[in-house]
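Residues per chain are reported as follows:
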Amino acid sequence: MVNRWEIHVSTSSMNETQRQSLLGAIAISSGAAGVGNITPQQRADAFANLEQFKTHPGRVSACVEMIGCGSLQIDCGSGNAPLDVTVPGKLYALGVIQEFLKVGYNGLNESDRGQLRASIVLAARQLAMPVNGSVTKMSDSTRILAVKIAALLADLALREFPQRWQTFVSDLFSPLSNGGIWCEAGTDTGSNTTGVKICLECLKLLTEDCTDSDYNARISTARRNDILLGMNEMSKLILPPLFELLSKQYGDVSNANSTLSAMNQYLASNGRTVAQMTSDEREQYEQQINIRDSAGGMVANVLGTLEKFCQSMPLDWMFKVENGIDFVTALLHLLKEDVASIQVLSVACLQQLSMRKLDQSQWLRLVSSLPPALFEASSVSAQRAIERGIEPNSIDMLVEQLEFHRSLSKMGSTLVSAHLAHITSDKDISSGSGAKFDAVSSYLQLLSEMTTHPSGVVCGSQINTWVGLLRDPAIVKTKVLSPHLGRVLTSYMNHMVKIRWQDVWEQGHPYAALIDASWDDEEEYNDWQGNLRSKTSQLFRSISNTEPEIAVTAIHSKICMLLNAHCNGEPRDQLDPKTNELTPHSTACLQLEGATQPLDNILQGLPPWSVDDGNYDDKRNRIRSTIRPQLSELANMIVSWNPNDIWLKFRRTTLLEALKHYWKYEPSTLPTGVDSLLLYLSVKDNPPRERLSEDIIGLRKKCGVSLVAVSKVVPSLLVPWLTQLSGRAKTLLTAGGLSPINEMHLYEFLSCVATAVENPVERSTFIADVLANSIRSIESPNIQSGIQSTESLLSFMGIAQATNPACLTDRDFVKKVTRDFSSLFSSFNQLLSVGKRCHSAAKKRPNGGLPLQNLSPILDESMKKFPDEGPVSINDLAINDPFIPLWPKLLPTLLQVLDVTLRVWHPEFQATLLRDNIQRYALAISDDEAYLAMKHESSVGGVFGKGGTAGSIISGTDRRDMNLSPKWSGWFNELRNNCFQLLGLLCSQRVIYAPEMSSLFPRLVSIITNKEHLRSMEHRHFNQCLKQFIEIMMLTCPATLYQSYLTAILGPIFEHIQFRFQCSWGPILGTGGLLVDSTKPLYSNDCAYAANHLASGGVESWLVSYYARGGLFVGDLDCVTGEAMVEKTRVELTRTFSDMIQTVLALKGGWALVLANKAREEQAVKKNDPSILASGPKSQISVTSGPTNADGTKRTSVQLHLDARKMLRIDKLCHFLLLENEQIAGYLVLTMIQCLQYPDAYTCRRCTRIVHRILETVAWVDRYTELLGYRLLSSAVKAIITEPKWMVGIEWDMINIVRDIYGRLVLGQYYLPGGQGPGLQQARDSSNSARFEQTKVVDKPLLGGGILQTPSEFPRRVLLEIGIIQNDIMLLENNLMENRSAKDQKEALRDLLRVASDKMGQDGILERARKDESLLQQRTRMPEVQPLPEKLVTYSMVKKVEEENPGLGLADGPWHGNLF
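All values reported here derive from a predicted model rather than from experimental measurement. (Residues numbered from 1 in each chain as written. Predicted model: local features only at pLDDT ≥ 70, side-chain atom pairs only at ≥ 80, totals over all residues. Heavy atoms only, no water.)

Section: the overall build of the protein
Our working rule: Strands are runs of DSSP state E lasting at least 2 residues, helices are runs of H or I lasting at least 4, and numbering of each runs from the N terminus. Both definitions apply: the radius of gyration is a C-alpha atom measure, and the globule rule equals 2.2 Å times residues to the power 0.38. Burial classes: relative accessible area under 20% of the type maximum marks a residue as buried, over 50% as exposed, and values in between as partly exposed (1.4 Å probe, protein chains only). Working rule for contacts: check all heavy atoms of both residues, and any pair within 4.5 Å makes them a contact.
The secondary structure content of the protein amounts to 64 helices and eight strands. Here the C-alpha atoms of the protein give a radius of gyration of 39 Å, agreeing with the 35 Å that 2.2 N^0.38 yields for 1460 residues. When its C-alpha atoms are laid out on the principal axes, the protein stretches across 105 × 90 × 80 Å. Counting across all 1460 residues of the protein, residues that qualify as buried make up 54%. Expressed as a percentage of contacts within the protein between residues at least 6 apart in sequence, the contacts between residues at least 24 apart total 73%.

Notes on the pattern of salt bridges
Close approach of charged atoms allows side chains of opposite charge to pair. Our working definition: Basic side-chain nitrogens of Lys or Arg form a salt bridge, by our definition, when they fall within 4 Å of a carboxyl oxygen of Asp or Glu.
Per the counting criterion, the structure on display carries 59 salt bridges. The residue Arg-272 makes a salt bridge to Glu-281 at a minimum N-O spacing of 3.0 Å. Judged by its relative accessible area of 22%, Arg-272 falls in the partly exposed class. Note that Lys-660 is salt-bridged to Glu-657, the shortest N-O span being 4.0 Å.

With respect to the confidence of the model for the protein
This is how it is decided: A residue's pLDDT is simply how confident the predictor is in it, with values from 0 to 100.
Across the protein, pLDDT averages 88, with 93% of residues at or above 70. Low confidence marks residues 1449-1460, where pLDDT is under 50. Its contacts with residues over four positions away, or in another chain, come to 20 contacts.

Description of helix α59 (residues 1265-1281)
Heads up, the condition is: The span expected for a helix works out to 1.5 Å for each residue beyond the first. Two axes enter the bend calculation: one fitted to the seven residues ending at the residue in question, the other to the seven starting there, and the bend is the angle between them.
Spanning 17 residues, α59 covers 23 Å between terminal C-alpha atoms, matching the ideal 24 Å at 1.5 Å per step. For α59, the principal kink sits at Leu-1273 and spans about 30°. With twelve of its 17 residues buried, α59 lies for the most part within the structure. Within α59, the full set of buried residues consists of Thr-1265, Leu-1267, Leu-1268, Gly-1269, Leu-1272, Leu-1273, Ser-1275, Ala-1276, Val-1277, Ala-1279, Ile-1280 and Ile-1281. Packing partners of the buried residues in α59 comprise α57 (1222-1235), α58 (1241-1258), α60 (1291-1307), α61 (1354-1361) and α63 (1382-1398). Just beyond α59, the residue with positive phi is Glu-1283, at close to 50°.

Focus: empty space enclosed by the protein
Operational definition: Here a cavity is any set of points on a 1 Å grid over the protein atoms alone where a 1.4 Å probe fits but cannot get out, and a pocket is any open set with protein on both sides within 12 Å along at least 5 of 7 lines; a residue lines the site when it has an atom within 4 Å of a point. Grid points are joined across faces, edges and corners, and a volume is the space filled by probe spheres set on the points. When residues are sorted by character, Ala, Val, Leu, Ile, Met, Phe, Trp, Tyr, Cys and Pro go into the nonpolar class, Asp, Glu, Lys and Arg into the charged class, and all the rest, Gly among them, into the polar class.
In the structure shown here, the tally under the stated rule is eight cavities of 30 Å³ or more. There is about 70 Å³ of room inside the largest cavity. Taken together, Tyr-921, Ala-924, Ile-925, Ser-926, Asp-927, Ile-953, Ile-954, Thr-957, Ser-965, Pro-966 and Ser-969 make up the lining of the largest cavity. Of all the elements, helix α47 (residues 965-988) adds the most residues to the lining of the largest cavity, at three residues. When the residues that make up the lining of the largest cavity are grouped by side-chain class, the tally is six nonpolar, four polar and one charged.

Notes on a negative patch on the surface
Filter applied, for reference: Exposure above 30% relative accessible area and the lack of any salt bridge qualify a residue for a patch; like charges then connect within 9 Å, and the nonpolar side chains Val, Leu, Ile, Met, Phe, Trp and Tyr within 5 Å. Here the Shrake-Rupley method, with its probe set to 1.4 Å, supplies the accessible areas, and only the displayed protein chains count as covering residues. In this count, Lys and Arg are taken as positive residues and Asp and Glu as negative ones, while His and the chain termini are left out. Taken as the charge location is NZ of Lys, CZ of Arg, CG of Asp or CD of Glu.
Taken together, the side chains of Asp-516, Asp-520, Asp-521, Glu-522, Glu-524 and Asp-527 define an acidic patch exposed on the protein surface. Considering each element in turn, the negative patch owes the most residues, three residues, to helix α27 (residues 522-546). With respect to the helices and strands, Asp-520 occurs in the loop between α26 (512-518) and α27.

Here we look at a positive patch on the surface
A cluster of like positive charges, contributed by Arg-691, Arg-811, Lys-815 and Arg-819, occupies part of the molecular surface. Within the secondary structure, Arg-691 sits in the loop between α33 (670-680) and α34 (694-713). Taking relative accessible area as the criterion, Arg-691 reaches 64% and is therefore assigned exposed.

Notes on the side chain of Arg-1160
Relative to the helices and strands, Arg-1160 is located in helix α55 (residues 1149-1167). Summary of buried charges: Arg-1160 has no salt-bridge partner, and the nearest side chain of opposite charge, Glu-1161, is 7.3 Å away. Each residue touching Arg-1160, except ones within four places of it in the same chain, is listed here: Ile-1172, Leu-1173, Ser-1175, Thr-1188, Asn-1189 and Ala-1190.

Side note on the packing of α55 against helix α56 (residues 1199-1219)
Stated precisely, the cut-off is as follows: Interaxial angles span 0 to 180 degrees and are taken between N-to-C directions of axes, which are lines fitted to C-alpha atoms, for helices over the stretch in contact. Angles are sorted into four bins: roughly parallel if under 35 degrees, roughly antiparallel if over 145, roughly perpendicular if 65 to 115, and oblique for all others.
Two numbers describe how α55 lies on α56: the axes approach to 10 Å, and their chain directions differ by 110°. Between α55 and α56, the angle falls in the class roughly perpendicular. Between α55, through Trp-1151, Val-1154, Leu-1155, Asn-1157 and Lys-1158, and α56, the contact on the second element is made entirely by Gln-1199, Asp-1203, Lys-1206, Met-1207, Arg-1209, Ile-1210 and Leu-1213. Of the residues contributing to the contact of α55 with α56, the split by class is six nonpolar, two polar and four charged.

Topic: unusual backbone geometry
In the segment running from Glu-570 into Pro-571, the intervening peptide bond is cis, with an omega of 10°. For Pro-571, the location among the structural elements is in the loop between α28 (548-566) and α29 (587-605). Following Asn-686, the chain continues to Pro-687 via a peptide bond in cis, the omega torsion being 5°. Looking at where Pro-687 falls in the secondary structure, it is placed in the loop between α33 and α34.

Some points on the environment of Phe-437
Note that Phe-437 resides in helix α20 (residues 435-450). Residue classification places Phe-437 among the buried positions, given a relative accessible area of 9%. The spatial distance from the C-alpha of Phe-437 to the C-alpha of Asp-426 is 9.3 Å, given a sequence separation of eleven residues. Discounting residues that sit within four places of it in the chain, Phe-437 has contacts with Asp-428, Ile-429, Gly-432, Lys-479 and Val-480.

Focus: the packing of aromatic side chains
Condition: Two rings from Phe, Tyr or Trp (for Trp, the six-membered ring) form a pair when their centres are within 6.5 Å of each other. A pair whose planes differ by under 30 degrees is stacked, one over 60 is edge-to-face, and the rest are tilted. A ring is considered to have a charge above it if a Lys NZ or an Arg CZ atom is located within 6 Å of its centre and within 35 degrees of its normal.
Across all of its chains, the model carries 27 aromatic pairs by this definition. Relative to Phe-168, the ring of Phe-161 has its centre 5.1 Å away and its plane inclined at 55°; by these criteria the two rings are tilted. Of the residues examined, Phe-168 reaches a relative accessible area of 2% and is grouped as buried. Arranged with centres 4.9 Å apart and planes meeting at 75°, the rings of Trp-519 and Tyr-525 form a pair that is edge-to-face. Here Trp-519 matches Tyr-525 in class, with each residue buried. An aromatic cluster is present here, built from Phe-1054, Phe-1061, Trp-1065, Phe-1137 and Tyr-1238 joined pairwise through their rings. Just above the ring of Trp-1065 sits the side chain of Arg-1130; from NZ or CZ to the centre is 5.6 Å. The aromatic ring of Tyr-1270 is capped on one face by Arg-1357, whose charged end is 4.4 Å from the ring centroid.

Thoughts on the nonpolar core
To be explicit about the condition: The criterion is simple. A nonpolar core is a set of buried Ala, Val, Leu, Ile, Met, Phe, Trp, Tyr and Cys residues joined through side-chain atoms within 4.5 Å.
Ranked by internal contacts, the top residues of the largest apolar core, which has 419 residues, are Phe-309, Phe-883, Trp-887, Leu-983, Ile-1030, Phe-1054 and Leu-1217. Considering every element that reaches this core, the biggest residue donor is helix α51 (residues 1042-1069), with twelve residues. If we ignore the near neighbours within four places in the chain, the residues touching Leu-1217 are Met-1034, Leu-1050, Phe-1054, Val-1144, Leu-1145, Ile-1224, Ala-1225 and Leu-1228. Judged by nonpolar contacts, the second largest core, of five residues, contains Leu-260, Met-263, Met-277 and Tyr-285.

Concerning helix α44 (residues 887-903)
Look at α44: 24 Å from first C-alpha to last across 17 residues, which is about the 24 Å you get at 1.5 Å a residue. Counting buried positions over the 17 residues of α44 gives 13, a clear majority of the element.

Section: the side chain of Asp-1325
Definition in use: In protein, a polar contact requires one atom able to donate a hydrogen and another able to accept it; more generally it is a pair of N or O atoms within 3.5 Å, and residues adjacent in sequence count only if both atoms are side-chain atoms.
If you trace the backbone, Asp-1325 turns up in strand β7 (residues 1324-1325). Nearest to the buried, unbridged Asp-1325 among oppositely charged side chains is Arg-1331, at 4.3 Å. Of the polar contacts made by the side chain of Asp-1325, one reaches the side chain of Ser-1327; its length is 2.9 Å. Look past the residues within four positions of Asp-1325 in its chain and what remains in contact with it is Arg-1331, Phe-1332 and Glu-1333.

Take a look at the structure:
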């Protein structure tokens, strides 16, 4: 064989030498058998020649010639058999033709196109021809070739059918004897399996290409519509052969099964098995198996094509019954056949139908037909199992049919959830009687029976359907659900119990094989169950609310059964070998844990009438008389249960917590339950240990959480026992042994109860008494001396002593330092927790937390001033919030702690600490922060689990060790976070604005705005300051105090933010002189260099690099996680700031809800439809009655007063930020302009909304013109025309900014808020035609704002600078003034900016969007398959025209040829 083939193909045909050369290259490249030893060079040459051949003009005719040959062989010389390369040769030729279709097919004339089509059909016929008339199994090579030919036929049909390839359907579905590819009518497919499969695959691909949304860009809409019209017109030629084939092949399957069954019975009657058959019997037996499998495979192929028809083609194709063709009945009949997964494929077809928009008759047909069809399928399956000697419901059968059952459950639930309107709108179903009601009820019974399947994946498929049914008020009112809810509830409660995966591994679980088939591993199971539990919460609540008697009876039975069976831990398995106690994996613990969520959700969902003492109708009274005794027995059983095992105590705690919803109505067992929880707070190990076990610590934490949860729900019921509870709490606190978190829970519990005390003085006194220890602690000499200065704080935390490394691991020293810090931090934490609880309770009072006791029920809308919108004394504020009187004692210490903590990061301290090998870690991030920087799988097990980050910052040690150094970073984080949160609470409670605190406000300002504090904060610290203090202060400050309180703080803050952002993003954007490498975090090995740089280079130089890395010191952390940390802190910085500005400008959060409510009120008045005010968002079903907010939450009466004050602040704060202080406004707007350039889509999208609000507020102000018209517009335009990849998806938002700027500053147009709606054109000023009249809403940005009256040249200058000529600018402006719709204007701007974009290459270091991603290039992208010039006119169209115009002659009508 020659080493290299030189290919030179003429445009007509190849000579034999060229042919052999090409086939030889194909043989080498495909690795065909018999080629011999091939060197890498020969293989490379062969590949190069094949690629070269694809560029020759004559390649198509050569390939047509190749695929038309019966065989392709290479002459290997005399004496050697020729080498057959038919399959790889034809595959290559078909591939070349397929590529040609994309680039050159449209250039062929009609004759060439016809010849090409004919050659492909001929190739399909040759492949479909029987070999010696025998029935043979399709080989792999034949199958691959068939799939390729089918794809090519589909590609040709996409371009030709129906206008040009009018014989497409007949070419495929005519039998071989008539020149087609299909099998002979009325006969078996025989050896023409290949031809049939080519036709089926071609139809499937064609349907996919024309209906799948993924192909929208590939095929033009007109072309797709023409093809679908053609297929629909020819459906009478497509569907009958398919149905006939399906019927015939299924008949063969049934006959073969019957024959095999008879053979098995014959063998059994003679006492023989299949293994004992004679050779003749075995041959006949295997022949039937081959027939069955071959016919079953063909049925599966047909169903694969029908699935695409069910998904996208007209529903009449499947539902219409005509001439004995009924596909729906056939699909239902096939549900009983398991050969070749026929039943699963049938369900897949029905699934596609169930997802379509069925009319009621079609839907009812499926609903009424499925139960009997499935009953028949179940009977056949049981009979089949018996014949095989298997129990019908055995594990083997369940495993074998799992996929069928799972898909069936999913399809069945989809059929209901996608057509809920058919249930609600039908009067017969709503009436609760009649044939339709019986059909729906039988179908729901079928679904509910499926939920009892042992595998959770089967019932898990239905959860959304049952929730949807229960959420629909119209369906709940009918009788259709009630008979099935008990079974559904029981099934889902059973699946709440976690499976012990060890039993599955060891095959100890009774359903181990089924569970193993349902989930791949334990992680997948845990994810599934977590998702199921989150969804069943709503299901349990809904069932309880709808049918409380059913729900209570079910949960009562469940809990009674569990307590009777496992009250002492029976069967006491999976014990701890050291303590001989139960573990979380013990059966008793798992079973009780699985009942906790259903109990909590069911009790929470009970309607008040089912448990309270009200007077209701006889039906409700009867239900209540049944429910209340069961609930009473249930509560008494849980309260009186007194287990000994730690984990049983844990389970009892969770059950006690769930009773809080019942105690609201019947509190007789409440004192005993709370006493049990208080008792568990001090529980100890048995026998006692020096250090509490993890199980005891977990139990104590859970008890604390449960106490707080109970006190939140029933605080008023605990008030009579407040003295006893306080005494009990003091006993626990003075006894010692409680962890700081337990103490905090105890304080929260008491504070929640105290907030229910009616007398304000008593409330405040009690809270002061509760927190007296915390106040005394922070005022103690030890803590006061420890926070006197930064040096004393470093000594207080053991950092200064680290120069002697031995002390850091000295047990006594570590305990002392830890105890001292815990005293400081726990006191702050307890104060913060109680303060938040008191503030939350104050907002729930009748006056909504306003310092006014008498609010009129009707608000005077004309009021623009409110008596409480200003300084309010602490005494007045304390009437609502009992925590407030503590602030004068707390605030001085708080400010001192914050001040000395922030000073630790000052350059002089950093330089000192970084030089020390141990002290440096005080500045590092914590192991927990490193863990949160990366995405982890649930199996990691947290920071200390396998794969966690414990010990990654300081190698070899973590915060659990008896070592101080790994504790410092977490301590600083906790302390700083508490300080900022307390300052936020100070603002929320409005104490900061009280006259009594005025002397402390300058101290607060001096700390927050301290230049060195601001500059030295890391990004993560600064984020905390913005989120937890600055944002809250802006939202809570009374409108009359903006100048006196906000100015001093916001000015320096906004100025610093602008500088910090520049330095942080500079290396990413390639500005500022630093390289991208400068964004790497500081590691332990680089500390000395950083300290020297700080000392020698100066603070200003050091700050630039400090911000580039986000200020992060990551110790010994790995590079990947370290760099991820830097990226995370950088984007969080800008995101936090943009979210904060959005919130204070009423673009998100609570203020945005106020505007949404106002818009709804205006809409209700305009439409005269009060029901609008009682409806929530369209995306959810409202479950509340009466007035609701725009987000669906209940609207209270006091909310009118709260919203009025918020509306005042919304107007005033926007004006204050942008028009009253030059420092604040200037730096705010500059920062927003910068943010539009940062490669973070989250930040950019939110900043576009902020920019619109800025334009609405200040576009009319002359001093803003250069800033908006030049700098802002330049940034927006640059972002659009450079098309950075990160901005894909938000281009329209950016173009809308350009539109808003250009309209307001040049064209005299303004828009609705957010740049929405058409351009509202202002007229020219009658006294000066060069100016526009100002808008009437110039001072109301929420209504659209104003315009610049004298048009600016800055925007035109920007367009000139990017290469747009003056004439095009004039045309653009005329276009924008004539066509003022938002769509037209944005498209005009896009077309103009595309011109500038085309002139630019790659700009900057950021990756540019691809052409298929680019919005600017959207109109330049053309579909691969273009519409045909010939207009499609079908026979149906002609008949319709003739019917509408009886007098119209055929010659006068449209041409329709002989196509249809």
